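# Observations on chain architecture
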Amino acid sequence: MTFGFVDTLGWMIHPMVTCMACTFLALEAIGDEIEEPFGNEPNDLPLTQMTAMIENTLLEMDGRGIKIVLVLTNGLLIKDVSITLASKRSLH
């Protein structure tokens, strides 16, 4: 592709090829980072925290209490404690 632009761009072909190469290398690096989002690396999705939040929201909506889950940064479960909240009717 670059040989077709030599007559048109002249000496500017070198910076253009460098710019295109950097763009392709950056796209490759981004693809490597987002290829596996379900691991335990710092830039992966926090699935344990997300599922705990969804579970707590559903339990709270149902009135059964909430569940406290303490999680380390690497995704390991430390402690799982259930707390039952007083119902709104008993507070009045």
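Heads up: these notes are all about the structure in this document.

Criteria and thresholds
- Residues numbered from 1 in each chain as written.
- Predicted model: local features only at pLDDT ≥ 70, side-chain atom pairs only at ≥ 80, totals over all residues.
- Heavy atoms only, no water.
- Helix = DSSP H or I, 4+ residues; strand = E, 2+ residues; numbered from the N terminus.
- Expected span 1.5 Å × (residues − 1).
- Buried < 20%, exposed > 50% of the residue type's maximum accessible area, 1.4 Å probe, protein only.
- Arc of directions from axis to C-beta.
- Patch = residues over 30% accessible without salt bridge, like charges linked within 9 Å, V, L, I, M, F, W, Y side chains within 5 Å.
- Areas by Shrake-Rupley, 256 points an atom, 1.4 Å probe, with all protein chains shown as cover.
- Salt bridge = Lys/Arg side-chain N within 4 Å of Asp/Glu carboxyl O.
- Lys, Arg positive; Asp, Glu negative; His and termini not counted.
- Charge placed at Lys NZ, Arg CZ, Asp CG, Glu CD.

### So, helix H3 (residues 47-62)
- In this model H3 runs 22 Å from its N-terminal to its C-terminal C-alpha over 16 residues, within 8% of the 22 Å that 1.5 Å per residue would give.
- Restricting attention to buried positions, one finds in H3 the residues Ala-52, Asn-56 and Leu-59. Here the buried residues of H3 occupy an arc of 70° about the axis, which is enough to place them on one side. Residues of H3 that are exposed and point over 90 degrees away from its buried face: Met-53, Ile-54, Leu-58 and Met-61.
- Remark: Gly-63 follows H3 within two positions and exhibits a positive phi of approximately 85°.

### Let's talk about a negative patch on the surface
- A surface patch of negative charge is lined by Glu-28, Asp-32, Glu-33, Glu-35, Glu-36 and Glu-41.
- For Glu-41, the location among the structural elements is in the loop between helix H2 (13-34) and H3.

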